[in-house]
Amino acid sequence: MINFELTEDQQMIRDSAREFVKRHVAPDVISRDSKKEFPRNLVQKLAEQGLMGIYHEEAYGGGGFDTVSFCLVIEEIARWDASLALTVASHTSLGAGHIALAGTHEQKEKYLAPLTSGEKLAGWCLTEPGSGSDASGLKTTAVRKEDKWILNGTKIFITQGSVGDIYVVLAKTDPDKGTKGITGYIVEKNWKGVNPGEPIHKLGMNSSDTTEIVFENVEVPLENQLGEQGKGFIDTMKVLDGGRIGIGALSVGIARGAFEESMKYSQERQQFGRPVGNFQAVEHKLVQMATEIDAARILVHRAALLKDRNSPYTKEASMAKLFASELAVKAADEAVQIHGGYGYTKEYHVERFLRDAKLMTIGEGTSEIQKMIIARELRKEFGY
């Protein structure tokens, strides 16, 4: 059973995050998007609030809160700045999340602790120029040479690619074994042979850092192997399940921003002698947005609760990500329509919501991949 009421701690975290975002994030978001600036100062402020490792273990500097609390924080940030929310979500659930999942005690002390404190930023290196949805098709290799691994390959679309300090890199240690020949490694940015590229120019998420990274004969100490050799793909699938919950929450935040801005504008904008929000055509759009936002949030929180209970949640995470991400695009599109010509200008927030929302249906598994996962899990559930 799902309790739809937030606990006192969850309400406190949500309200604190909402106040922080209104004060520090919202005022300059249009400028940051236009200038395509990575907001290091805001990331540092978030770290000071304990929001860069909110659900990781307290023993390694994390907040020790639950995944629902994490979702509430991501939604509040994304309501105004999806780029910043993406930075927090990917850092927490992908880079730091993989180390938290598969790392040894020593690895967590050395690498997870500075990530949860926000002292350092994480990048998660899975996608390659030739392997996106088919993660098993990666070409990056790690070859054992005496007391080290030699890493070679190219990764692309890496969030925190040029501003990150610690990378988790997936590579093939035995190319003939397919998915059973993939292993994870912890790599430091300042090592010889680690070459981050220039930021990639994107449709949206302009103040989120996204780059290519080339690894050329990078010497990785044996102790930086992350998890068991050959188990990297299995760990990656678990990391993605958790990451999809964060993307779902981020999508809810974008959709909520589109809705709230549309509610405000529809009461301010007068046409034919009355607010446009009083016309049934606009009312119906707003009603549909509000209803589907609530539904998406419930799906996200259900997946988060299952994760916290250590129950299977693969299907639920994909359902939440699929529904919420598609809603984000639809809600943002409707928001531009409600704003009319003004919605197409950068003077208003809704055009940014539309540009940012599209990534939600692509990143961490496209909508098509989510449907494949859900179909597979349904066949298991019904014994087909």
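Just above, that's the structure.
Remember, predicted model here, so these are calculated numbers, not experimental data.

A. Representation of the nonpolar core within the structure. Judged by nonpolar contacts, the single largest core of 66 residues is most densely connected at Leu46, Ile74, Ile77, Ile245, Leu250 and Ile254. Counting only elements with at least two residues in this core, the list comes to helix 1 (8-25), helix 3 (40-48), helix 4 (67-78), helix 5 (82-102), helix 7 (232-268), helix 8 (280-308), helix 9 (314-339) and helix 10 (350-357). No other element matches helix 9, which puts 10 residues into this core. When sequence neighbours within four positions are dropped, the list of residues in contact with isoleucine 245 reads Thr67, Cys71, Val300, Ala303, Ala304, Lys307, Tyr313 and Ala317. Core analysis: the next-biggest nonpolar cluster, separate from the first, contains 38 residues, Leu112, Leu138, Ile158 and Tyr167 among them.

B. A look at the packing of helix 5 against helix 7. Close contact between helix 5 and helix 7 brings their axes to 9 Å; oriented N to C, the two are set at 160°. One finds that helix 5 runs roughly antiparallel with respect to helix 7. The handedness of the crossing between helix 5 and helix 7 comes out as right-handed. For the pair helix 5 and helix 7, contact is made by Ala82, Ala85, Leu86, Ser93, Leu94, His98, Leu101 and Ala102 and by Asp235, Thr236, Lys238, Val239, Gly243, Ile247, Leu250 and Ile254, respectively.

C. Here's a closer look at the layout of surface pockets. Considered as a void within the structure, the second largest pocket measures approximately 360 Å³ in volume. Forming the walls of the second largest pocket are 19 residues, and the residues nearest its centre are Asn3, Phe4, Leu6, Val68 and His301. Those elements that place two or more of their residues in the lining of the second largest pocket are helix 1, helix 4 and helix 8. In terms of residue count, helix 8 provides more of the lining of the second largest pocket than any other element does, 5 residues in total. Here the residues of the lining of the second largest pocket are counted per class, giving 7 nonpolar, 4 polar and 8 charged.

D. Summary view of the pattern of salt bridges. Summed over all chains, the structure comprises 26 salt bridges. Here the residues in one salt-bridge network are Arg18, Glu75, Glu76, Arg79, Arg256, Glu260, Glu261, Asp294 and Arg297, joined through shared partners.

E. Quick look at helix 3. Within helix 3, burial applies to Leu42, Val43, Leu46 and Ala47. Across the axial projection of helix 3, the buried residues extend over an arc of 145°, all falling on one side. Within helix 3, the exposed residues directed more than 90 degrees away from the buried face are Arg40, Asn41 and Glu48. The elements touched by buried residues of helix 3 are helix 1, helix 2 (29-35), helix 4 and helix 5. Phi turns positive one or two residues past the end of helix 3, at glycine 50, with a value near 80°.

F. Representation of helix 9 within the structure. End to end, helix 9 covers 37 Å across 26 residues, agreeing with the expected 38 Å (1.5 Å per residue, within 8%). Positioned one or two residues after helix 9, glycine 340 has a phi angle of 65°, which is positive.

G. Quick peek at the side chain of histidine 301. Examined against the element boundaries, histidine 301 turns out to sit in helix 8. Given the relative accessible area of 14%, histidine 301 is considered buried. The contacts of histidine 301, once residues within four sequence positions are left out, are Val68, Cys71 and Leu72.

H. Structural detail: the environment of threonine 87. Checked against the element boundaries, threonine 87 lands in helix 5. Between the alpha carbons of threonine 87 and histidine 301 there is a distance of 20 Å; along the sequence they are 214 residues apart. The contacts of threonine 87, once residues within four sequence positions are left out, are Phe38, Val43, Gln160 and Ser208.

I. Main features of the environment of threonine 361. Examined against the element boundaries, threonine 361 turns out to sit in the loop between helix 10 and helix 11 (367-381). The buried category is assigned to threonine 361, whose relative accessible area is 4%. Spatially, the C-alpha atoms of threonine 361 and asparagine 190 are 33 Å apart, while their sequence positions differ by 171 residues. Once you skip the residues sitting within four places of it in the chain, threonine 361 turns out to touch Lys321, Ser325, Glu326, Val329, Thr366 and Ser367. At 2.9 Å, the side chain of threonine 361 and the backbone oxygen of lysine 358 are in polar contact.

J. Examining the pairing of strand 3 (residues 148-159) more closely. Within strand 3, 9 of the 12 residues are buried, which leaves it mostly tucked inside the rest of the structure. Counting the residues that bridge the hairpin from strand 2 (residues 141-145) to strand 3 gives 2 residues, and of these glutamate 146 lies at a positive phi of roughly 55°. Summarising the sheet, strand 3 and strand 7 (residues 210-221) pair through 9 bridges and their orientation is antiparallel. Along strand 7, the bridge assignment pairs tryptophan 149 with valine 220.

K. Structural detail: unusual backbone geometry. At glutamate 146, a residue that is not glycine, the phi angle is positive and equals roughly 55°. By relative accessible area, glutamate 146 is classed as exposed at 67%.

L. Summary view of a nonpolar patch on the surface. A surface patch of nonpolar side chains, amounting to about 390 Å² of accessible area, comprises Leu378, Phe382 and Tyr384. Note that leucine 378 resides in helix 11. The class of leucine 378 is partly exposed, set by a relative accessible area of 31%.

Conventions we followed
- Residues numbered from 1 in each chain as written.
- Predicted model: local features only at pLDDT ≥ 70, side-chain atom pairs only at ≥ 80, totals over all residues.
- Heavy atoms only, no water.
- Core = buried A, V, L, I, M, F, W, Y, C linked by side-chain atoms within 4.5 Å.
- Buried < 20%, exposed > 50% of the residue type's maximum accessible area, 1.4 Å probe, protein only.
- Helix = DSSP H or I, 4+ residues; strand = E, 2+ residues; numbered from the N terminus.
- Contact = heavy atoms within 4.5 Å.
- Axes fitted to C-alpha atoms, helices over the stretch in contact; angles between N-to-C directions.
- Parallel < 35°, antiparallel > 145°, perpendicular 65-115°, else oblique.
- Left-handed = near helix turned anticlockwise from the far one by under 90°.
- 1 Å grid on protein atoms, 1.4 Å probe; cavity = no way out; pocket = protein on both sides within 12 Å on 5 of 7 lines; lining within 4 Å.
- Points joined across faces, edges and corners; volume = space filled by probe spheres on them.
- Nonpolar A, V, L, I, M, F, W, Y, C, P; charged D, E, K, R; others polar.
- Salt bridge = Lys/Arg side-chain N within 4 Å of Asp/Glu carboxyl O.
- Arc of directions from axis to C-beta.
- Expected span 1.5 Å × (residues − 1).
- Polar contact = N/O pair within 3.5 Å; in protein donor to acceptor, adjacent residues only side chain to side chain.
- Pairing = 2+ DSSP bridges.
- Patch = residues over 30% accessible without salt bridge, like charges linked within 9 Å, V, L, I, M, F, W, Y side chains within 5 Å.
- Areas by Shrake-Rupley, 256 points an atom, 1.4 Å probe, with all protein chains shown as cover.

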